2 protein chains.
Amino acid sequence: MSNTNATGARSESVRLMNQSVVLRAVHLAGEQSRSALVPATDLTRGAVGTIVGDLVGLGLLEEERAMSDGSPGRPSTLVRPSGRAVVIAFDLRVETIAVGVFTLGGRRLAGTRISRDHDRGPEHTVDELAVIARGLLELLPADTVVHGVGAAIAGLVRHDDQLVVSGPNLGWRDVPLGDLLRDRLGPDIHVAVGNDADLGALAESRRGAAVGLDDLVYISGEVGIGGGMIVGGRPLIGSAGCSGEVGHIPVNPIGIDCNCGSIGCWETEAGDHALFRRVGRPDVVGSAAIEAIVRDAIAGDRKVLAAIDEQARWIAFGLAGIINVFDPDMVVLGGSLARLHPHIAATLDRELDRRVFDVIRSRVRVVPSALGIDSMLIGAAEWAWDRVLTEPAHAANGVAVPKIVRRIA
Amino acid sequence: MSNTNATGARSESVRLMNQSVVLRAVHLAGEQSRSALVPATDLTRGAVGTIVGDLVGLGLLEEERAMSDGSPGRPSTLVRPSGRAVVIAFDLRVETIAVGVFTLGGRRLAGTRISRDHDRGPEHTVDELAVIARGLLELLPADTVVHGVGAAIAGLVRHDDQLVVSGPNLGWRDVPLGDLLRDRLGPDIHVAVGNDADLGALAESRRGAAVGLDDLVYISGEVGIGGGMIVGGRPLIGSAGCSGEVGHIPVNPIGIDCNCGSIGCWETEAGDHALFRRVGRPDVVGSAAIEAIVRDAIAGDRKVLAAIDEQARWIAFGLAGIINVFDPDMVVLGGSLARLHPHIAATLDRELDRRVFDVIRSRVRVVPSALGIDSMLIGAAEWAWDRVLTEPAHAANGVAVPKIVRRIA
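Being a predicted model, the structure only gives us computed values, none of them experimental. (Residues numbered from 1 in each chain as written. Chains lettered and ligands numbered in written order. Predicted model: local features only at pLDDT ≥ 70, side-chain atom pairs only at ≥ 80, totals over all residues. Heavy atoms only, no water.)

Observations regarding the overall build of chain A
- Scanning chain A from terminus to terminus reveals 14 helices and 17 strands.
- Taking 2.2 N^0.38 as the reference for a compact globule, 409 residues should give roughly 22 Å; the C-alpha atoms of chain A span a radius of gyration of 23 Å, in line with that estimate.
- Here chain A holds 409 residues, and 58% of them are scored as buried.
- Within chain A, residue pairs in contact and separated by at least 24 positions form 64% of the contacts whose partners lie at least 6 positions apart.
- With an accessible surface of roughly 15,300 Å², chain A has 51% of that area assigned to carbon and sulfur atoms.
- Within chain A, one finds 41 positive and 50 negative side-chain charges whose respective centroids are separated by 3 Å. (Helix = DSSP H or I, 4+ residues; strand = E, 2+ residues; numbered from the N terminus. Rg over C-alpha atoms; globule rule 2.2 N^0.38 Å. Buried < 20%, exposed > 50% of the residue type's maximum accessible area, 1.4 Å probe, protein only. Contact = heavy atoms within 4.5 Å. Areas by Shrake-Rupley, 256 points an atom, 1.4 Å probe, with all protein chains shown as cover. Lys, Arg positive; Asp, Glu negative; His and termini not counted. Charge placed at Lys NZ, Arg CZ, Asp CG, Glu CD.)

Here is the structure:
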């Protein structure tokens, strides 16, 4: 169905393609026998053996001769991601920043999350991230190789040059985050910056609530509302790399001013601030304030319950349009929307029943995030791995941990 | 980036893949020299020769030894779509039905459009289509082979079984259009049914305003408003095959009832009926009424100009959200939106400037359809070709024209 200029496969490129297919299979499904890779990849037993050999040689996979289980025939060889091949993941959000080190297959070797210093600029934040990363990397064996750095950020990221064009809730504008990270961590390192909600969607589709689903909408509520979509098994990117700005779908013709310069955007009616306004606490911020509202709702506070119900109707109002447009298998709610989910689910269901076409409504499940606060960090790791997953030969361009540690120090 | 289980390429499947790549290149770019196919497909000269031979053998392409142009070296061979390999395309809409016969490469051999009889049911409509198709097929050489039938319909089409789940403006519900067409044209014939706006998007991206663009939103206004999207070079399908229902994005919390059962949908504010209501002609319908409004606008009728301006603001209100979500290269306006475009463009631009993020706004062009009333018919032909384009060996399953003509008679 593609309109883009597909190119043919010369026989010499088939081996490279098959390396990607095998690596992806182990990355997504984890340790498995070499025999299991035959049906999983539709390659012959011989081709699997050759390709696994390539990937072991590149330092990406490990093999182990399995014990015989007593059944006849040769014992099969186990294939698993190498523990020495890692990526560094960063998650930059309004309230916190987080760092993690992940192997292929999604195993987290180390990680931490701290509060973000609101008053300092991007350079300071990147410094903080680098110092935390150094601390984590120092704990790893010296022969560990970093194959990339992924960063999730609450802002619009231009695909071409990884410029954070706009992060209104961070107060960032035209920040060259990709360049800042390369300056700090080393010019040889592969850096992949992505919008936080886009990477949340990627994480939920590979490691979370939506594993195996091809059509997914991930909506994350916080100060703003972000969206990431997986369509036909692939992330929706957009022409500038800025798709998924669901928070700025106009929903209220007589609404209030939005940070973005427009009026009546979805996030002005369904974001955290709208809830704070509705419960009569316009000056609070952050997840602690959401927790307080949830506690009051559980205690039966009428004003809070009414506010949550109105909030739920506005959430449904925007979400119904998104569902009618994408016809997804699943909507995953993250951030404060996940926290509120038990308290808004009934109203949400009723409003979606009314506003979404039956054939679409009957298929879509609306669920809270399975990865919680870590979905974007995990998505950043997946995004960092993407270059090697697509072309495993790039493993030759990995950077040894001691070199990065020295650079940061 | 795919999460779906990619499978490896065994060497015996590489030739089949390359057949698809070469056929698609000729289909999209038309007649060209065999030498030009080498860079276009990234295959070797030898491989191109072999694959073109396969496709000539399948009856899909023709070769012709070109005259030497006087330059040194062997004259190159021209490759072009065969005129004997065709698909039949149908376009079923509220006011009209159309039939066309198209070769690979998009050449229309024959076609006609007539008014639709509103009072008769789906079986009658399918009968009419079949009789028109017979008339067109009878004009073709007897050795012409039909490789598929494509049908565009103003309704929600379930992907699995080509059931028209809902066509509110046609008055259709749960119509097995795929089965009806096979019953009438023959059980062996490949039938592909699609939503009209989805197929309009496909047509504009292959033959119309958006050739070569990977991220396209097509919006068609008529009684309802339909949408079709191309994302990353591929059509957005959705889990049920029902994506793109942009007409049912909620936009007005205090809006009016919609045919779909919801309230305040975009098409209740930005569809043709809303315009007829705003100019004070609530009882008119159809494209003639739109023409009358355009004439009055050109004549300077103040009430009409004010109504069109309000309409433009509502069109922009919904469109801004769609653009913020998809970040497309281009929005193509079809149907009555194309007709109104010169009269709404200024207001539309101003409102989009205000409501769309700068980085997204600066890239997206909003243009009227280049294919006009035929975009959906052309999209139906493209959709019908898709099976053979993906797997050219299916050409062996084509049905000879005389067999279809006898069946319909």
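Structural notes on the packing of helix α4 (residues 122-137) of chain B against helix α5 (residues 177-185) of chain B
Residue and element names in this part refer to chain B.
- Contact geometry of α4 with α5 gives a least axis separation of 10 Å together with a crossing angle of 45°. When the axis of α4 is compared with that of α5, the two are oblique. Taken as a pair, α4 and α5 cross one another with a handedness that is right-handed. Residues Pro122, Glu123, Val126, Asp127 and Ala130 of α4 form the contact with α5, whose own contacting residues are Leu177, Leu180, Leu181, Arg184 and Leu185.
- Counted by class, the contact of α4 with α5 contains seven nonpolar, no polar and three charged residues. (Axes fitted to C-alpha atoms, helices over the stretch in contact; angles between N-to-C directions. Parallel < 35°, antiparallel > 145°, perpendicular 65-115°, else oblique. Left-handed = near helix turned anticlockwise from the far one by under 90°. Nonpolar A, V, L, I, M, F, W, Y, C, P; charged D, E, K, R; others polar.)

Looking at the pattern of salt bridges
- As enumerated under the stated definition, the model contains 61 salt bridges over all chains in all.
- For Arg184 of chain A, the salt bridge goes to Asp127 of chain A, with nearest N and O atoms at 2.5 Å. Of this pair, Arg184 of chain A sits in helix α5 (residues 177-185) while Asp127 of chain A sits in helix α4 (residues 122-137); the two residues are 57 residues apart in sequence, bridging distant segments of the chain.
- By relative accessible area, Arg184 of chain A is classed as partly exposed at 22%.
- On the accessibility criterion, Asp127 of chain A (32% relative accessible area) is partly exposed.
- Linking Glu351 of chain B and Arg355 of chain B is a salt bridge whose minimum nitrogen-to-oxygen distance equals 3.7 Å. Here the residue Glu351 of chain B and the residue Arg355 of chain B both occupy positions in helix α11 (residues 336-355), the gap between them amounting to four residues, near one helical turn.
- A relative accessible area of 5% places Arg355 of chain B in the buried class. (Salt bridge = Lys/Arg side-chain N within 4 Å of Asp/Glu carboxyl O.)

Some details on the relation of the copies chain A and chain B
- With an RMSD of 0.0 Å, chain A superimposes on chain B once it is rotated by 180° and translated 0.0 Å along the axis. What the superposition gives is, in effect, a two-fold axis relating one chain to the other. Among all residues of chain A, the minimum C-alpha distance to the rotation axis is found for Val251 of chain A, at 2.6 Å.
- The fraction of interface residues of chain A whose copies in chain B are also interface residues reaches 100%, indicating that both copies meet through the same surface. (Least-squares fit on C-alpha atoms with pLDDT ≥ 70 in both.)

Notes on the domain arrangement of chain A
Residue and element names in this part refer to chain A.
- Examined at the domain level, chain A breaks down into domain 1 (11-81), domain 2 (85-199 + 374-408) and domain 3 (211-369).
- Summarising the inter-unit geometry, the C-alpha centres of domain 2 and domain 3 are found 27 Å apart.
- Contact with domain 2, which involves 14 residues of that partner, is made by 19 residues of domain 3.
- Roughly 1,400 Å² is buried in total at the junction of domain 2 and domain 3, and carbon and sulfur atoms are behind 51% of that figure.
- Where domain 2 touches domain 3, the interface holds one salt bridge.
- Applying the counting criterion to the domain 2 and domain 3 interface returns four residue pairs in polar contact (both at pLDDT 80 or more).
- The element best represented in the side of domain 2 that touches domain 3 is strand β8 (residues 156-158), accounting for three residues.
- Class assignment for the residues of the side of domain 2 that touches domain 3 results in six nonpolar, four polar and four charged. (Domains from an automatic or database assignment. Buried area = accessible area lost by both parts, 1.4 Å probe. Polar contact = N/O pair within 3.5 Å; in protein donor to acceptor, adjacent residues only side chain to side chain.)

As for the nonpolar core
- Formed by 102 residues in total, the largest nonpolar core has its most connected members in Ile219, Trp266 and Phe326 of chain A together with Ile219, Trp266, Ile322 and Phe326 of chain B.
- In this structure, Ala89, Ala197, Leu202 and Leu389 of chain B belong to the second largest nonpolar core, which totals 47 residues. (Core = buried A, V, L, I, M, F, W, Y, C linked by side-chain atoms within 4.5 Å.)

Focus: α4 of chain A
All names here are of chain A.
- An ideal rise of 1.5 Å per residue puts 22 Å on 16 residues; α4 measures up with 22 Å between its terminal C-alpha atoms.
- Inspection of α4 places Pro122, Thr125, Val126, Leu129, Ala130, Ile132, Ala133, Leu136 and Leu137 among the buried residues, and these make up the whole buried set. End-on, the buried residues of α4 take up no more than an arc of 165°, which puts them together on one face. (Expected span 1.5 Å × (residues − 1). Arc of directions from axis to C-beta.)

Digging into the interface of chain A and chain B
- Counting residues at the interface gives 79 residues for chain A, matched by 79 residues for chain B.
- Taken together, chain A and chain B are joined by four salt bridges.
- A salt bridge links Asp358 of chain A to Arg173 of chain B, with the shortest nitrogen-to-oxygen separation between them at 4.0 Å.
- For the pair chain A and chain B, the interface holds 22 residue pairs in polar contact (both at pLDDT 80 or more).

Observations regarding the sheet that holds strand β2 (residues 61-65) of chain A
Residues and elements named next belong to chain A.
- Spatial ordering of the open sheet is given by β1-β3-β2, a layout of three strands whose pairing is antiparallel. In this open sheet, the two strands that pair with only one neighbour each are β1 (32-33) and β2.
- As paired strands, β2 and strand β3 (residues 77-81) are joined by five bridges and run antiparallel to one another. Bridging from a neighbouring strand, Glu62 pairs with Arg80 of β3.
- Packed on one face of the sheet, helix α3 (residues 45-57) meets β2 and β3 and runs near 120° to β2. (Pairing = 2+ DSSP bridges.)

Some thoughts on the sheet that holds strand β12 (residues 216-221) of chain A
Residues and elements named next belong to chain A.
- Spatial strand order, β14-β13-β12-β15-β16: five strands in an open sheet with mixed pairing. Only two strands of the sheet have a single partner each, and these edge strands are β14 (234-235) and β16 (365-368).
- Pairing geometry for strand β15 (residues 330-335) and β16, over four bridges, is parallel. Within β16, the position partnered with Val332 by the bridge is Val367.
- In the packing of helix α6 (residues 196-207) onto the sheet, the strands contacted are β12, β13 (225-231), β14 and β15, and the crossing angle to β13 comes to about 45°.

Some words on the side chain of Thr144 of chain A
- With respect to the element layout, Thr144 of chain A can be found in the loop between α4 and β7 (145-153).
- Overall, the relative accessible area of 0% leaves Thr144 of chain A in the buried class.

Details of the packing of aromatic side chains
- Across all of its chains, the model carries three aromatic pairs over all chains by this definition.
- Ring plane angle 15° and centroid distance 5.0 Å describe the contact between Phe326 of chain A and Phe326 of chain B, whose orientation is recorded as stacked. Here Phe326 of chain B lies in helix α10 (residues 302-326) and Phe326 of chain A lies in helix α10 (residues 302-326), a pairing that spans two chains. Each member of the pair, Phe326 of chain A as well as Phe326 of chain B, carries the same accessibility label: buried.
- Taking 5.5 Å as the distance between ring centres and 65° as the angle between the ring planes, the aromatic pair formed by Trp314 of chain B and Phe317 of chain B counts as edge-to-face. Separated by three residues within a single helix, Trp314 of chain B and Phe317 of chain B lie in helix α10, roughly one turn from each other. No difference in accessibility class separates Trp314 of chain B from Phe317 of chain B, as the two residues are buried. (Phe/Tyr/Trp six-rings, centres within 6.5 Å; stacked < 30°, edge-to-face > 60°.)

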